[in-house]
Amino acid sequence: MKLVDTHVHINFKDFLPDLEAVRARWQIAGITKLVHSCTSPDEFIEIQSIVDRFPEVSFAVGLHPLNDDLGEHGWQPQIAEQIHDLAKSDRRVVAIGEMGLDFYKADNHEEQIKAFRAQLAVARALDLPVIIHCRDAAITTREVLESFNAEDLDRPVRGVMHCWAGNPEETQWFLDLGMYISFSGVVTFKNAQILQESAKIVAVDRLLVETDCPFLAPMPNRGKRNEPAYVVKVAEKLAELRNEDLSTLAAQTTQNAYKLFNLQD
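Asker: I'm lost on the environment of Phe103 in this one. Help?
Answerer: Residue placement: Phe103 occurs in the loop between strand E4 (93–102) and helix H5 (109–126). Classification of Phe103 as buried rests on a relative accessible area of 16%. For Phe103 and Ala118, which are 15 residues apart along the polypeptide, the C-alpha to C-alpha distance reads 18 Å. Not counting residues up to four positions away in its chain, the partners in contact with Phe103 are His109, Gln112, Arg135, Asp136, Ala137 and Thr140.

Asker: Whenever I open this one, the sheet that holds strand E7 (residues 180–183) confuses me. Can you help?
Answerer: Working definition: the strands of a sheet are paired by backbone hydrogen bonds and lie parallel or antiparallel to each other. Strand order in the open sheet made by the eight strands is E1-E2-E3-E4-E5-E6-E7-E8, with parallel pairing throughout. Two strands close off the open sheet at either side, each with one partner strand: strand E1 (3–8) and strand E8 (207–209). Going across the sheet, the axis of each strand differs from the next one's by a mean of 30 degrees, ignoring polarity. With respect to the sheet, helix H6 (residues 138–150) is in contact with E4, strand E5 (130–135) and strand E6 (159–161), its orientation differing from that of E5 by roughly 145 degrees. Taken strand by strand, helix H9 (residues 231–242) contacts E1, strand E2 (31–36), E7 and E8, and its axis lies near 145 degrees from that of E8.

Asker: Help me understand the state of the cysteines, please; the structure alone is not making it clear to me.
Answerer: Cysteine pairs can be covalently joined through their sulfur atoms, and such a bond is termed a disulfide. With the rule as written, the count across this model stands at zero disulfides. Distance from the sulfur of Cys38, which forms no disulfide, to the nearest cysteine sulfur (Cys213) is 15 Å. Residue class for Cys213 comes out buried when judged on its relative accessible area of 0%.

Asker: I tried to follow the pattern of salt bridges on my own but got confused; where do I start?
Answerer: Should the charged atoms of two oppositely charged side chains come close, the side chains can pair. Under the definition given, this model contains 17 salt bridges. Where Asp18 meets Arg25, a salt bridge forms, and the shortest distance between an N and an O atom there is 3.7 Å. Arg25 gets classed as partly exposed once you look at its relative accessible area, which sits at 35%. The salt bridge partner of Glu146 is Arg142, with a shortest N-O separation of 3.3 Å. A residue pair is termed a helical-turn pair when its members lie 3 or 4 positions apart in one helix, as Glu146 and Arg142 do in helix H6 at four residues.

Asker: Please explain the nonpolar core as it appears in this structure.
Answerer: A general tendency of soluble globular proteins is for nonpolar side chains to be buried together. Counting residues in hydrophobic clusters, the biggest one holds 76 residues, and the most contacted among them are Val61, Ile96, Leu120, Phe174, Phe183 and Leu238. Excluding residues that lie within four positions of it along the chain, Ile96 makes contacts with Val61, Ile83, Ala87, Gln119, Val122, Ala123, Leu126, Leu128, Pro129, Val130 and Ile131.

Asker: When you look at the side chain of Glu98 in this model, what are you seeing that I'm missing?
Answerer: Positionally, Glu98 belongs in strand E4. An unpaired buried charge is present at Glu98: no salt bridge exists, and Arg135, the closest side chain of opposite charge, is 10 Å distant. Among residues more than four places away in sequence, those in contact with Glu98 are His7, His9, Ser37, Cys38, Thr39, Gly62, Leu63, His64, Ile131, His133 and His162.

Parameters at a glance
Just so you know, the residues in each chain are numbered from 1, in the order the chain's sequence is written. Since the coordinates come from a predicted model, pLDDT governs what is reported: local features require at least 70, and pairs of side-chain atoms require 80 or more to be given and counted, while whole-chain, interface and lining totals use all residues. Working from all heavy atoms in the structure, the side-chain values ignore hydrogens and water. Helix and strand definitions here come from DSSP, where helices need a minimum of 4 consecutive H or I residues and strands a minimum of 2 consecutive E residues; each element is numbered from the N-terminal end. To sort residues, take the accessible area from a 1.4 Å probe on protein chains only and compare it with the maximum for the residue type: under 20% means buried, over 50% means exposed, and anything in between is partly exposed. In this analysis, two residues are considered to be in contact whenever any of their non-hydrogen atoms come within 4.5 Å of each other. One requirement defines pairing of two strands: DSSP has to find at least two bridges between them. Comment: axis = line fitted to C-alpha atoms, over the contacting stretch for helices; angle = value between 0 and 180 degrees taken between N-to-C directions. Disulfide: a pair of cysteine sulfur atoms within 2.5 Å of each other. The rule for a salt bridge is simple: a side-chain nitrogen of Lys or Arg has to be within 4 Å of a carboxyl oxygen of Asp or Glu. The criterion is simple. A nonpolar core is a set of buried Ala, Val, Leu, Ile, Met, Phe, Trp, Tyr and Cys residues joined through side-chain atoms within 4.5 Å. All tallies of charge rest on Lys and Arg as positive and Asp and Glu as negative; His and the ends of each chain are not included.

This is a description of form; function is not addressed.
Here is the structure:
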């Protein structure tokens, strides 16, 4: 069985002591590809060095909605230029992000929307998919995507709602917009019944799996450091919820990841 972990942050300090051992475990678990997300263009060189070490890792470049720059200085248009130029500089960049909206922890909504729209424009210009972070902001995220798509109907946004936690109605909004839906370890939590209902309605050709490591380790490792090998637990839970064969689901989510991110063997 092969899987793609479509969202990791293995550049974080949590992995400094034992990243080689973490890699050995994901290889044993059958994780053949990983997509490394990015919270700031400042991470680019650091992530690039990891990709140099581990050829199975592809990566993205973008600005997270909770990045300190948005809180302290507001959106700076030159950041979009930086993201654009960095993405063009390395063929292993397969997406722009993570970007999006997070209204749970911050009230700088207008600045987040500016940053979100600017990065969508970068992705469109480079014909790359986007990795979208959405927390307590589904309505506004939907509105931004709809208005952005209306500006160029021939080039709608393509990408993934990462670490999805929405209810079935919200899930359908983004499926209708053509987005992929990626589930993390949260779907394994006992109190995640609404999210588990969402997992049942996603078309099999729009389904992705991720860890978002080092965060959100699935059961039974909840509360501990997460790592790519644990994406198997996410796939197992999804197969159970959807009453599907695990190997079939793994093959389909892997195919979906290859298609969305144009991954190469």
